[in-house]
Amino acid sequence: MTLTAPSMTDQPSPSDDEASRDQSFLEAARRAKLARIIELGHDPWGTRFDDRQLIGEIRARASEIVYRKADGANITLPSLETEEERAAFRPWIAEQGAGEIVGPQVRAAGRIILSRDKGKLLFIDIRDMTGQLQLFIGRDQVGESWDLAQCFDLGDIIGVDGTLRRTKTGELSIFADRLHILTKSIETPPEKHSGLQDAELRTRQRYLDLTYNEGVLDRFLDRTRIVSSIRKTLGDRGFVEVEGPTLHTIAGGAAARPFTTHHNTLDLDLFMRIALELHLKRLLVGGVERVYELGRVYRNEGISPKHNPEFTMLEVYQAYGDYRSMMDLTEECICEAIHAIRGAGDGKPTSYSIEFAGKAVDFKPPFKRATYAELFQQHAGVDPTDSAAVVALAKKLGIETAGRHPDVIKNDVFEAKVEDALEGPIFVIDYPASICPLTKRKASDPAVAERFELFIGGMEIANAYTELNDPDLQEELFRSQLAGMSDEDSMAKMDHDFIRALRHGMPPAGGLGIGIDRLVMLLTGTQSIRDVILFPVLRPEK
RNA sequence: GCUCCCUUAGCUCAAUUGGCAGAGCAACUGACUCUUAAUCAGUAGGUUCAUGGUUCGAGUCCAUGAGGGAGCACCA
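Here is a short report on the structure shown in this document. All figures in this text were calculated on a predicted structure; none of them were measured in a lab. (Residues numbered from 1 in each chain as written. Chains lettered and ligands numbered in written order. Predicted model: local features only at pLDDT ≥ 70, side-chain atom pairs only at ≥ 80, totals over all residues. Heavy atoms only, no water.)

## Concerning the sheet that holds strand β1 (residues 66-69)
Pairing is antiparallel across the open sheet formed by three strands, whose spatial order is β2-β1-β3. Of all the strands in the sheet, the pair left with one neighbour each is β2 (74-76) and β3 (99-102). The average angle at which neighbouring strand axes cross in this sheet is 30°, direction not considered. With three bridges joining them, β1 and β2 adopt antiparallel strand pairing. When the sheet's bridge partners are listed, V66 is paired in β2 with T76. (Pairing = 2+ DSSP bridges. Helix = DSSP H or I, 4+ residues; strand = E, 2+ residues; numbered from the N terminus. Axes fitted to C-alpha atoms, helices over the stretch in contact; angles between N-to-C directions.)

The structure is reproduced here in structure tokens:
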């Protein structure tokens, strides 16, 4: 048996490692280069890389690049915006006579996205969080680094020292003096033009989606900007951010099925929270007069383009306010968020128009406001106070009517006929009281609850109440709500401590809930909630 | 949980009526000091999601299962 030294062309023996067999041919080439990098005296897993500049910052320094003539005179480069201007650049250089393009010394780091090997020249495009930039690597210009460059593959993370200049075609480039390997990649990246298309791979391997698919990173950065903006809007108005418990002994505050979990030492079954409401209201009782939480809730329910089992909710409570205060606050939060992802500097955005699902949505405040009853009449074509007509319409729509509360039937009709038609933004106000167990009734009409929902693009984005603070009525409403529930919903329990808190006195207040994921979908023009959640729930890989 | 659709090379996609499983990118070898999805020549790369079945013959037809997507239901 003869042993031979490994080389890049050697194929691995097919039998031993069957799990990696498919990939091994491609991986072996990368591992051979990894070995060569070590041989050249470099660490393929890199090290601290100080003083690097962001590609966005480096690009901003393009104006420092000049043509320096042999006599030392600096000439400003012509504009290189258009195709024509770029095509004219090479002849322009020739016209200037003896001299060279000079620019600032820079240091950058990023992942290799594209590579064009042209013999003794190598063009590599690297990308960092702020942008993409070309490296110009000449064999006779980079010295020892040339050998290292031969070991680079798409996907490797590298560093570069060089000068920022322009090629003869006008392309902004770092002309490399020295290269650094910062991390070797031993997996093959996705196809370079189409990126990752498979929806499953995009969510399962989000890191690839972020790196290689256009606009994905920007969308998630926009999400962060929106969330930061909302925190700022609320903070500017004196609202205090708190962190309530995510493990509840009673999962209240919404009509949803919770996840269950267990504390071992206490031997106690617990529920993941389905809403933030009941603990924030306890804080109102405790004197935290303007309070909010922006955090994750968990609902053990179906998955759809608008639903993920864990999602982010904002709930805000304002003592001495009501649902009208919350309408103004909602507009302010949304408009400032648009400003945050759109506006440059301190200038207000020139347009509040955002395209969603092929339609332009105009967020210019104030948003439209219409009552539940008006919209019902308008879109369902039936007087909502005419119970017989509502039931007749419900039956026609195939909605179950037997033994159900008239307002519940009415609301099913509303959801079927009205909600999808609401392109919005529109505040639907004044809901039937019987479907709002946590809401104060209108003084003038106890059958109507002081509640609004904000609809945009057919989605419910926000939900707000004038909060119910009558402990006796609250207890009664809880009881009647629980009475209608099946044994399956065994987690539905009376929260006695919440009632006790109300008995101590909760100030009159407005309360608001905003579904952050859906708001981000709208503001970023995204159709699936899975595309605004970094790691949505997936079954495990086989 | 129910209905329909999808799954082919590392990635993006082809494959006629059931008749030899193909291309581009990526990889490898070679050429090229101003490229831009570089180009050119060559080489290699497959359990067609899995397991059964029908058939002379299955990527294609049937059954079951897995994962994903859309819709429904549940839920805002």
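## Some details on the nonpolar core
Among the nonpolar cores identified, the biggest contains 45 residues, and I230, L234, L314, F363, F452, L512 and L523 are the most heavily contacted of them. Per-element tally for this core: the top contributor is helix α11 (residues 323-342), with ten residues. Residues I55, V106, L135 and I137 belong to the second largest nonpolar core, which totals 35 residues. (Core = buried A, V, L, I, M, F, W, Y, C linked by side-chain atoms within 4.5 Å. Buried < 20%, exposed > 50% of the residue type's maximum accessible area, 1.4 Å probe, protein only.)

## Here we look at the protein's contact with RNA strand B
Near RNA strand B lie 58 residues; those nearest to it are D140, T169, H193, E453 and E460. Protein-adjacent atoms of RNA strand B, using a 4 Å cutoff, are sugar or phosphate at a proportion of 62%. Contact distances for RNA strand B include 2.8 Å between a base oxygen and a side-chain N or O atom of T167. Secondary structure elements with two or more residues in the surface near RNA strand B: α1 (21-39), β4 (105-118), β5 (121-128), β6 (131-138), α5 (139-142), α7 (199-204) and β19 (448-456). Element by element, the count of residues in the surface near RNA strand B is highest for α1, at six residues. The residue makeup of the surface near RNA strand B, split by class, is 16 nonpolar, 16 polar and 26 charged. (Near = heavy atom within 4 Å. Polar contact = N/O pair within 3.5 Å; in protein donor to acceptor, adjacent residues only side chain to side chain. Nonpolar A, V, L, I, M, F, W, Y, C, P; charged D, E, K, R; others polar.)

## A short note on the pairing of β5
For β5, the buried fraction is high: six of the eight residues fall into the buried class. In this structure, β5 lies alongside β6, joined through eight bridges in antiparallel fashion. Bridge assignment links L122 to a residue of β6, and that residue is I137. Hairpin geometry of β5 and β6 is characterised by an intervening segment of two residues between the two adjacent antiparallel strands.

## Side note on the pattern of salt bridges
Overall, the coordinates contain 36 salt bridges when judged by the stated rule. One salt bridge connects D209 with R206, and the closest N-O pair in it is separated by 2.8 Å. Of the two residues, D209 and R206 are both situated in helix α8 (residues 206-212); the distance of three residues between them amounts to about one turn of the helix. For the pair D209 and R206, one class covers both residues: buried. Of the charged contacts, one joins K281 and E467 as a salt bridge, the two residues approaching to 2.6 Å between their closest N and O atoms. Note that K281 is positioned in helix α10 (residues 277-285) and E467 in the loop between β20 (459-466) and α15 (471-483), a separation of 186 residues in sequence. Judged by its relative accessible area of 0%, E467 is buried. Each member of the salt-bridge network shares a partner with another, and the members are K33, D153, D156 and K184. (Salt bridge = Lys/Arg side-chain N within 4 Å of Asp/Glu carboxyl O.)

## Describing the sheet that holds strand β10 (residues 247-248)
Taken in spatial order, the three strands of this open sheet run β10-β12-β11, and their pairing is antiparallel. Either end of the sheet is taken by a strand with one partner, and the two such strands are β10 and β11 (260-263).

## A short note on the pairing of strand β18 (residues 426-432)
For β18, the buried fraction is high: seven of the seven residues fall into the buried class. Note that strand β17 (residues 368-371) and β18 share four bridges and pair parallel. Across the sheet, the residue bridging to R369 is F427, located in β18. Judged from the six bridges that link them, β18 and β19 form a sheet pairing that is antiparallel.

## Remarks on the side chain of S528
When you line up the elements, S528 lands in the segment after α17 (516-524). Sequence-distant contacts of S528, defined by excluding residues within four places in its chain, comprise P305 and M521. (Contact = heavy atoms within 4.5 Å.)

## Focus: the packing of aromatic side chains
Throughout the structure, instances matching the rule amount to twelve aromatic pairs. Plain terms: the ring middles of F123 and F136 are 5.4 Å apart, the flat faces sit at 90° to each other, and that makes the pair edge-to-face. Here the residue F123 occupies a position in strand β5, and F136 occupies one in strand β6, the gap between them amounting to 13 residues. Aromatic pair F363 and F367: ring centres 6.4 Å apart, planes at 75°, arrangement edge-to-face. Comparing F363 with F367, the two get one shared label, buried. Taken together, the aromatic side chains of F363, F367, F427 and F452 make up a single cluster linked through ring pairs. Taking the ring centre of F175 as reference, the NZ or CZ of R165 above it sits at 4.2 Å. (Phe/Tyr/Trp six-rings, centres within 6.5 Å; stacked < 30°, edge-to-face > 60°. Lys NZ or Arg CZ within 6 Å of the ring centre and 35° of its normal.)

## Description of the packing of α15 against helix α16 (residues 496-504)
Running from N to C, α15 and α16 cross one another at 160°; their axes reach a closest spacing of 9 Å. Judged by the angle between their axes, α15 and α16 are roughly antiparallel. By crossing handedness, the relation of α15 to α16 is classed as right-handed. Within the contact between the two elements, α15 uses P471, D472, Q474, E475, F478 and R479 and α16 uses H496, F498, I499, L502 and R503. (Parallel < 35°, antiparallel > 145°, perpendicular 65-115°, else oblique. Left-handed = near helix turned anticlockwise from the far one by under 90°.)

## Section: helix α14 (residues 406-417)
For α14, which comprises twelve residues, the first-to-last C-alpha distance of 16 Å matches the rise-based estimate of 16 Å (1.5 Å per residue) to within 8%. Turning to α14, its buried residues number three or more, namely D407, I409, K410, N411, V413 and F414. Of the surrounding elements, those touching the buried residues of α14 are α12 (372-380), α13 (387-396) and β18. (Expected span 1.5 Å × (residues − 1).)

## Things to note about the packing of α12 against α14
Two elements in contact, α12 and α14, have axes separated by 10 Å at closest approach and are oriented at 60°. When the axis of α12 is compared with that of α14, the two are oblique. Considering the relative orientation of α12 and α14, their crossing is left-handed. Mapping the contact onto sequence places Y372, L375, F376, H379 and A380 in α12 and K410, N411, V413, F414 and K417 in α14. Within the contact of α12 with α14, the residues separate by chemical class into six nonpolar, two polar and two charged.

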